[in-house]
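# Tertiary structure, described
One-letter residues, chain by chain:
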Amino acid sequence: MTTGPLNSALKGRGAVSTCGSAAGRDQPRRRGSRTSSAAPAGLRSFVARRLLLGLAQTLAVVLLVFTLTEALPGDAAVALAGDQPDPARIAAIRETLELDRPAYARLADWATGLLHGDFGTSLTSGRPVAHYIADGFGPSLLLAALTVALLVPLGFGLGVLAAHHEGRLVDRLVSSVTLAVYAVPEFALGVLLVTVVALKLAWLPPTAVGYGTDLLGHPAVLVLPVLVLLSRPVCSLSRLVRAGMVDALASPYAAHARRYGVSGARVRYAHALPGALAPAAQQLARTVDWLLCGVIVVEALFVIPGLGTVLLNAVAERDVPVVQGLAVVFGVLTVVLNLGADVVAYRLTPRAGVAA
């Protein structure tokens, strides 16, 4: 007598569960369609906001560069006049170079030229500023490309290794070494490497003097500069990846994946590592920006004819158009790289766009 009601109850439960599962299957599908259609619109809105912000930042960079270069003591006329300048000669040179014109007029002419790709003309040599940028861009780009090519595997590899051995000897060793190396300034590390490796042991050339701009044809010249450029970025990137992976491995979804029998390697690389990619991508963009715009110390130490050396020479000669052109290039590169990093971070973690 109890069999009939029990069977009917079980059938009722089965019907309810079946209908519930069907409804559950339908509901996520509808929600997923709405999410997939809304995601491109959200990305387009995010990119549009970032482009407007980047345009405003570029305009601010142009105004700031012109204002700061105008505030530099002296000018090219003083540098061209010699060690014992005559005021009349300085005035004549300033008039010839049109340095006696009002600042707002020179700003308008310079900004108009930038819109047409004209960075101006050097006051000391008469060469177009674009030629200086083209000559120095090759060595700086080569150093940056080699550094990034080594930075990505080393930074991510050390971070994953430390996170995999969290709290153990390997983790403590990686964390201690990266912290110690990060605390050493690039100039001090470069001097140490030149003194020990190049001068005392004579394993590598100390500078790039005599090799010209064909640095790729002499790879030994690039070893010490790339090591110096790698030192701090590798440490910061590896520590950031480690922190992100440790948080992701301790999250509920990683524990849930382990309970379902997912292998440890898959949890680390398919679930935990993507969670650490968004901040790592932004850090990598800042590093590339620093490599292209902040290699002045390294290029000066190893006498590499890159953008940093060109900028130092222009400042020493009070060649304002060259300084302004290089500063604008550095500023625009910073804006573009950070824009790309923001878009990548938004794609990896869309919720980051809420705060943007």
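So, a few notes on the structure that sits alongside this text. (Residues numbered from 1 in each chain as written. Predicted model: local features only at pLDDT ≥ 70, side-chain atom pairs only at ≥ 80, totals over all residues. Heavy atoms only, no water.)

## Things to note about the overall build of the protein
For clarity, the cut-off: Numbered from the N terminus, helices here are DSSP runs of H or I no shorter than four residues, and strands are runs of E no shorter than two. Note on exposure labels: buried denotes an accessible area under 20% of the residue type's maximum, exposed denotes more than 50%, and partly exposed covers the range between, all computed with a 1.4 Å probe on protein chains only. Contacts were defined at the residue level, with two residues in contact if any of their heavy atoms lie within 4.5 Å. Here the accessible surface of atoms and residues is derived via Shrake-Rupley with a 1.4 Å probe, and residues count as covered only by protein chains that are part of the display.
Along its length, the protein carries 14 helices and zero strands. In the protein, the succession of α and β elements from N to C terminus is α-α-α-α-α-α-α-α-α-α-α-α-α-α. By residue count, 35% of the 356 residues in the protein fall in the buried class. Across the protein, the fraction of contacts at a sequence separation of at least 24, relative to all contacts at a separation of at least 6, is 73%. Of the accessible surface of the protein, which amounts to about 19,700 Å², a share of 67% is contributed by carbon and sulfur atoms.

## Regarding unusual backbone geometry
As a rule of thumb, non-glycine residues mostly have phi less than zero, and peptide bonds are mostly trans rather than cis. Located in the positive-phi region is A202, a residue other than glycine, with phi close to 60°. Along the chain, A202 turns up in the loop between α7 (186-200) and α8 (220-249). At V303, a position not held by glycine, the phi torsion is positive, near 55°.

## What to know about the side chain of D171
Topologically, D171 is positioned in helix α6 (residues 169-182). With near-sequence residues (within four places) excluded, D171 lies in contact with A162, H165, E166 and R242.

## Describing the packing of helix α5 (residues 129-164) against helix α12 (residues 307-316)
The line we're drawing: Here an axis means a line fitted to C-alpha atoms, over the contact stretch when the element is a helix, while the angle between two N-to-C directions is reported on a 0 to 180 degree scale. In this scheme, roughly parallel covers angles under 35 degrees and roughly antiparallel covers those over 145, while 65 to 115 is roughly perpendicular and the rest are oblique. Gly is put with the polar residues, along with every residue not named as nonpolar or charged; the nonpolar set is Ala, Val, Leu, Ile, Met, Phe, Trp, Tyr, Cys and Pro, and the charged set is Asp, Glu, Lys and Arg.
Interhelical geometry of α5 versus α12 gives an angle of 140° and a closest axis separation of 7 Å. When the axes of α5 and α12 are compared, the pair comes out oblique. Here Y132, I133, G136, F137 and S140 of α5 lie close against α12, whose contacting residues are L307, G308 and V310. Here the residues of the contact of α5 with α12 are counted per class, giving five nonpolar, three polar and no charged.

## Concerning the packing of aromatic side chains
Note the cut-off: Each pair of aromatic rings taken from Phe, Tyr and Trp, with Trp reduced to its six-membered ring, is defined by centres within 6.5 Å and is described as stacked if the planes are under 30 degrees apart, edge-to-face if over 60, and tilted in the remaining cases. Criterion for a charge above a ring: Lys NZ or Arg CZ within 6 Å of the ring centre, and within 35 degrees of the ring normal.
Under the counting rule described, the total for this entry stands at one aromatic pair. Directly above the aromatic system of Y132 lies the positively charged group of R127, at a separation of 4.8 Å from the ring centroid. One residue, R232, lies across the ring of Y182, its end atom 4.2 Å from the ring centre.

## Things to note about α8
Stated formally: To estimate the expected span of a helix, count its residues, drop one, and scale the result by 1.5 Å. Across the chain, bend at a residue is computed as the angle between axes fitted to the seven residues ending at that point and the seven starting from it.
Taking 1.5 Å of rise per residue, 30 residues should cover 44 Å, and α8 covers 41 Å from first to last C-alpha, within 8% of that figure. Of all bends in α8, the biggest is about 35°, found at L230, and the proline P233 comes one to four residues later. Along α8, 21 of the 30 residues are buried, which leaves the element largely enclosed by surrounding structure.

## Some details on the nonpolar core
Counted only if it meets this: Buried Ala, Val, Leu, Ile, Met, Phe, Trp, Tyr and Cys residues form a nonpolar core when they are joined through side-chain atoms within 4.5 Å.
With 34 residues, the main nonpolar core has L215, L224, V241 and F302 as its most contacted residues. Those elements that provide at least two residues to this core are α5, α7, α8, α10 (264-293) and α11 (296-302). Among all residues touching L224, those that are not within four sequence positions of it are L193, V194, V197, A198, L204, P205 and F302. Listed in part, the 20 residues of the second largest apolar core include V65, L114, F119 and V322.

## Side note on the packing of α7 against α8
Rule in force here: Helix crossings are classified by the rotation of the near helix relative to the far one: an anticlockwise turn of less than a right angle makes the crossing left-handed, while a clockwise turn makes it right-handed.
Look at α7 against α8: their axes get within 10 Å of each other, and the N-to-C directions meet at 145°. At the point where α7 passes α8, the crossing takes the right-handed sense. On the side of α7, the interface is formed by E186, L189, G190, L193, V194, V197 and A198, while α8 contributes L224, L227, V228, S231 and R232. Of the residues in the contact of α7 with α8, the class split is eight nonpolar, two polar and two charged.

## Digging into the pattern of salt bridges
To keep it simple, the criterion reads: By definition here, a salt bridge exists when the distance from a side-chain nitrogen of Lys or Arg to a carboxyl oxygen of Asp or Glu is within 4 Å.
Following the criterion strictly, the structure yields three salt bridges and no others. Between E186 and R232 there is a salt bridge, with the nearest N and O atoms lying 3.3 Å from each other. Separated by 46 residues along the polypeptide, E186 in helix α7 and R232 in helix α8 bring together distant segments of the chain. Taking relative accessible area as the criterion, E186 reaches 18% and is therefore assigned buried.

## Here's the deal with a nonpolar patch on the surface
Selection criterion: Each patch is assembled from residues with relative accessible area greater than 30% and no salt bridge, linking like charges that lie within 9 Å and nonpolar side chains (Val, Leu, Ile, Met, Phe, Trp, Tyr) that lie within 5 Å.
On the surface, L192, V196, L201 and W203 cluster together into a nonpolar patch covering about 410 Å² of accessible area. By the secondary structure assignment, L201 is in the loop between α7 and α8.

## Examining the environment of D100
Here D100 is to be found in the loop between α3 (87-96) and α4 (103-115). Other than its neighbours up to four places away in sequence, D100 contacts R94 and E95.

## A closer look at the environment of L179
Secondary-structure assignment places L179 in helix α6. What makes L179 partly exposed here is its relative accessible area of 49%. Between the C-alpha atoms of L179 and C235, which are 56 residues apart in sequence, the distance is 6.8 Å.

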